[in-house]
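Understanding the architecture of this molecule
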Amino acid sequence: MNKGTFFELLILSSGKKKTVLVRLSMGQFKSKITGSGPGIPQANPEEGPPSASGQKDSNMEPRKTSIYNTIDTAPQLEYYANTLPHQEIKIRPSLDVLRKTFEEVEAENAAADDATADDEEPQGPEGKPPTRFGWFIAVWMRCMLNIWGVILFLRLTWITSQAGIVLSLVIIAMAVSVTTTTALSISAIATNGRVKSGGTYFMISRTLGPELGASIGLIFSIANALAVALHTVGFSEVVRDLMRGYGTIMVDALNDVRIIGVVTVTILLFITFGGMDWEAKAQIFFFIVLMASFADYLVGTLIPPSLQKKSQGFFGYNKDVFIENLTPNWRGPDGNFFRQFAIFFPACTGILSGANISGDLKDPSTAIPKGTLMAIFCTTLSYVVIVVTSGASVVRDASGNMTDLMTGNSTDGCLGPACKLGWNFTKCVQSQACSEGLANYSQVMGLMSGSYYLIVAGIFAATLSSALGFLVSAPKIFQCLCKDNVYPYIIFFAKGYGKNNEPLRGYILTYLIAVAIILVAQLNIIAPIISNFFLCSYALINLSCFHASLVNSPGWRPAFKYYNKWTALYGALASIALMFAFTWWAALITWTVISLLFLYIAYLKKPNVNWGSSIQASSYNMALSFSVSLTDVNDHVKNFRPQCLVMTGPPQQRPALVDFVGCFTKHVSLMICGNIIMEPEKQTPFQDSTDQYVKWLNKRKVRSFYTQFTADSLRDGVRYLIQASGLGKLKPNTLVLGFKSNWMESSPKSIEDYIHAIYDTFDSKYCLCILRMMDGLDITDHSDFKENQGFEPDEAIENNDHQLPEKESANDTSENINSDQIKTVFKNSGGKKTIDIYWIADDGGLILLVPYLLTRRKCWRSGKIRVFILGDEENIEESRDAMIALLKRFRIDVTEVVVMTDTERSPQSKNMNRFLESVAPYRLYDEQQEGVSVQELKQKEPWKISDKQLEAFRLKSERKVRLNEIIRRNSQNTTLVLVSLPVPHGNCPSALYIAWLDALTCGLHCPVVLVRGNQENVLTFYCQ
């Protein structure tokens, strides 16, 4: 019993009465081919389709065959209906069987009856960082001075009166939790490699990449400029109050602040022009003054207050006052928790002052963590002390009037804790006219101190030092951003001056921004806006640390170990939540601006930088994870997509081939451009130009990989690439070649290499597409690299606009491929397009899938698809209706189905003579040579065609020529033609086969694609 019979009996024995037409997979079709199977007529392998008079099984309808081969079937719906019950199962012949001769099939069947055979990239040496400042002066002291600012002296006691001692401590704790986690994150980032100038921007951009880094760099620079205005306005308010105390008023309360502020920030600007040395000396002076003012404050709280101070609400430490001030007493439009939090938060925004001048630090990796964390601890302690001492010593409301001193012991009608202390402030409380006390007097710290003027000096030192610190930080961050040239038109501010590369232009820009904000002249309006910007910066710093830790890239090795990715995540989420809690509209605007900047860089600017960001590492991890997970996913016809290995050579030599495949694979499937290097002496130039080719592909907006392989021959190179290309399920399943249009001028070995590469493709179960470009296409060779002998560049027409000098250097070529992109027919979006499909042989549906994918692209969306099929005059309507029904089930829209009934006619003699002339140089003419056997001639010239072979394949040759006549008649004015690719027998000479391909595709002025699937379904009309 032969295999075919056994398979048929097996189906019948299962109880399903189906007649099986086997798909002729290798080793299963001996009976079919030799005619021993039931109902199969005897046929010569080189004859046409069997005659209608052949005997057929009563349960089997006539089998439609293609004109290429008697066992090569025409398209039929049943081949795709293998899961429906009560349908006839039909299986196509495999590529193996189509290519095997009968003798080979018999030999393989006999053998099968006997047995069955089955980097880390090296890092360059780091240069020594410039010797600048140590951690004490440049980080710890600078952070302390910037954290201690206007909020400490002018708003902290007022916040205590509003929120009470308990909630004030909660506000401090919440703010410190955010700043501490941010400091831990910035410490981890700062110790993960050398930190250069640019501070926060440098760290975020090198961690998260330019998209987010540049966005937050710009926002953070603006935030620092706004902070200059904040502290300058605070200083101006104190100076104005002092002037009013002496009866001096320039214009009015608001304009006086503006005038004083502009003058002050101008003086600070000239100090920064003196350089970092002058700025550092000024900061040391301010720090000494601040320490003296704190000591004065603490000593003052212990000194018994005078009657004048008592009238202003300061009574020294008192239990009743302390208890009264524990709970909140919200007043006015700012009387809520989050509004008070927003006003306080700028008091914590100086934690990055040391990091912002990282380029001026001796050892940023050590100085930033040590100085920043110590500064947070010291300033937090000072805030707690001030909240507790002021809340335990000063009542919320006082008149400042000595007449409110109570002379008797009666407290009837007296309100507030001051009543027990002998003072009656009820009148001003009820009338809301109190001008003193925690809730009404902004300079309570001066009231509590031993010397008021020393506290005023401390206020001056805190506000001016913070303003000066931010005035220095903002330009340095912005200068680093400008040097990276991420945004247009800002490179002007990248220039530095002097030995320290001072950003003088940036100083002036920051000065102008600060002046504009100073004109607002209202501290409570500026503070929440600044809080919003700084919280956004803190969120992204924490996100940078969290993301880098989560991705766990081998390059993430911070020397600072006291951080955790979950605390970083908390810091990021808390910062974002506080942004919206403080001022939701400002938060929304901030994130919208960042998103727009992100989109600009990600999709428009695309800076040519590679910083090894965690985004890159994350992309790798995700790609690796998904690629590995795909290995557990079984293939399904619904998810089939043509994953193409395109033999382009240097891609810019064959732009039409690249564009054709790119049109139907972009955003859909895999595309790999392959280059075979066959000359060892050319290996180095090819390898050096890999990046150049990738840039060319990216410039052309083609989503493709590029790979190259060194081989002794074209055939070996194709075989190696087929075996080695891809990863797991992301592996090519379709080979795309350019047609060898110069085959008649090529050497026999070159033709053998080309055709055997096609044979190897079939043997590898790959689908195959061969693109032939004709005259009239705007394609020009832009490269002077030597071509692979098996392929040639796309044919070009003369076009003066695209002519290049005959010889160009490699650098010139690189410039050309990046600047000049040739437009091919596949990129042309104008005009109406028509795609003609000549579906001669059923290969699984690839010839339908490719044009469908093409029409999903914008430039092909309006294209029309026509399908041409084989048929006879008696059954034209039935054949057309059957194909229309099949296409509808595939959900593929076609405008017309044409049945060709004249394919078996003899071709015109002139066309047949042209074909014979093309193969004439490759014939042996053995019958004309007496005394010499064919074997002897074949030994000398094995690539030539014997007279017997030519005669045996004569009918097939005529069918190819005739089909070309039909194609030229019907598709002369179409945009693209797709034709089923014939599969040759193994004994078909290479020269004859390429002559067939030439005969099929010649004479057309549009691209022609020969398509052959791997005999497996790529289309289905099922939903499972």
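Description of the structure in this document. Please read all numbers here as calculations on a predicted model, not as lab measurements. (Residues numbered from 1 in each chain as written. Predicted model: local features only at pLDDT ≥ 70, side-chain atom pairs only at ≥ 80, totals over all residues. Heavy atoms only, no water.)

1. Side note on helix H19 (residues 452-483)
Since the α-helix packs 3.6 residues into each turn, any two residues three or four apart lie on the same face. Short version of the rule: Only DSSP runs of H or I covering at least 4 residues are called helices, and only runs of E covering at least 2 are called strands; the numbering of each starts at the N terminus. Here a helix's expected span is defined as the number of its residues, less one, multiplied by 1.5 Å. Whether a residue is buried, partly exposed or exposed follows from its accessible area with a 1.4 Å probe, protein chains only, as a fraction of its type maximum: under 20%, in between, or over 50%, in that order.
With 32 residues, H19 should reach 46 Å at 1.5 Å per residue; the first-to-last C-alpha distance of 47 Å fits that figure. Along H19, 26 of the 32 residues are buried, which leaves the element largely enclosed by surrounding structure. Downstream of H19 by one or two residues, Asn485 has phi in the positive range, about 55°.

2. Observations regarding the environment of Pro921
Along the chain, Pro921 falls in the loop between helix H33 (909-919) and helix H34 (934-940). For the pair Pro921 and Ala991, spaced 70 residues apart in the sequence, the C-alpha separation amounts to 9.5 Å.

3. Describing the packing of helix H7 (residues 156-190) against helix H14 (residues 337-344)
Basically, it comes down to this: Structural elements are reduced to axes, namely lines fitted to C-alpha atoms, with helices fitted over the stretch in contact, and the angle between N-to-C directions of any two is expressed from 0 to 180 degrees. Throughout, the term roughly parallel applies to angles under 35 degrees, roughly antiparallel to angles over 145, roughly perpendicular to angles from 65 to 115, and oblique to all others. Between two residues, a contact is recorded if the distance between any of their heavy atoms is within 4.5 Å. Gly is placed with the polar residues, together with every amino acid not listed as nonpolar (Ala, Val, Leu, Ile, Met, Phe, Trp, Tyr, Cys and Pro) or charged (Asp, Glu, Lys and Arg).
Their axes nearest at 10 Å, the elements H7 and H14 cross at an angle of 80°. Compared by their axis directions, H7 and H14 come out roughly perpendicular. Only Phe337, Gln340, Phe341, Ile343 and Phe344 of H14 make contact with H7, whose side of the interface consists of Leu156, Trp158, Ile159, Gln162, Leu167, Val170, Ile171, Ile172, Met174 and Ala175. A class-by-class count of the residues in the contact of H7 with H14 yields 13 nonpolar, two polar and no charged.

4. Re the state of the cysteines
What counts is decided by this rule: In what follows, a disulfide is any cysteine sulfur pair within 2.5 Å.
The final tally for this structure, using the stated rule, is two disulfides. Between the sulfur of Cys414 and that of Cys419 lies a disulfide, 1.7 Å long from S to S. The sign of the -90° torsion about the S-S bond sets the Cys414-Cys419 disulfide as left-handed. In this structure Cys414 comes out as buried when scored by relative accessible area, which is 14%. A disulfide bridge connects Cys428 with Cys434, and the sulfur atoms are separated by 1.9 Å.

5. Things to note about the pairing of strand S9 (residues 976-980)
Rules: Any two strands are treated as partners once DSSP identifies two or more bridges connecting them.
The element S9 is extensively covered by neighbouring structure, given that five of its five residues are classed as buried. In S9, alternate side chains face the same way, and those of Leu976, Leu978 and Ser980 on one face and Val977 and Val979 on the other are all buried. As judged from the four bridges shared by strand S6 (residues 834-838) and S9, these two strands associate in the parallel manner. In the sheet register, Ile835 faces S9, and the bridge partner there is Leu976. Two elements, S9 and strand S10 (residues 1008-1012), share four bridges in a ladder whose sense is parallel. Bridging from a neighbouring strand, Ser980 pairs with Val1011 of S10.

6. Overview of the packing of helix H21 (residues 523-551) against helix H22 (residues 565-582)
This is how it is decided: A crossing counts as left-handed when the near helix is turned anticlockwise from the far one by less than a right angle, and as right-handed when that turn is clockwise.
Contact geometry of H21 with H22 gives a least axis separation of 8 Å together with a crossing angle of 155°. When the axis of H21 is compared with that of H22, the two are roughly antiparallel. H21 and H22 meet at a crossing whose hand is left-handed. Of the residues in H22, those touching H21 at Ser531, Asn532, Leu535, Cys536, Tyr538, Ala539, Asn542, Leu543, Cys545, Phe546, Ser549 and Leu550 are Lys565, Trp566, Ala568, Leu569, Gly571, Ala572, Ser575, Ile576, Leu578, Met579 and Phe582. In terms of residue class, the contact of H21 with H22 is built from 16 nonpolar, six polar and one charged.

7. What to know about the pairing of S6
Most of S6 sits out of view: four of its five residues are buried. Pairing of S6 with strand S7 (residues 864-870), which is carried by five bridges, proceeds in the parallel orientation. Directly across from Ile837, in S7, lies its bridge partner Val867.

In short, the description is geometric, and any link to function would need to be established separately.
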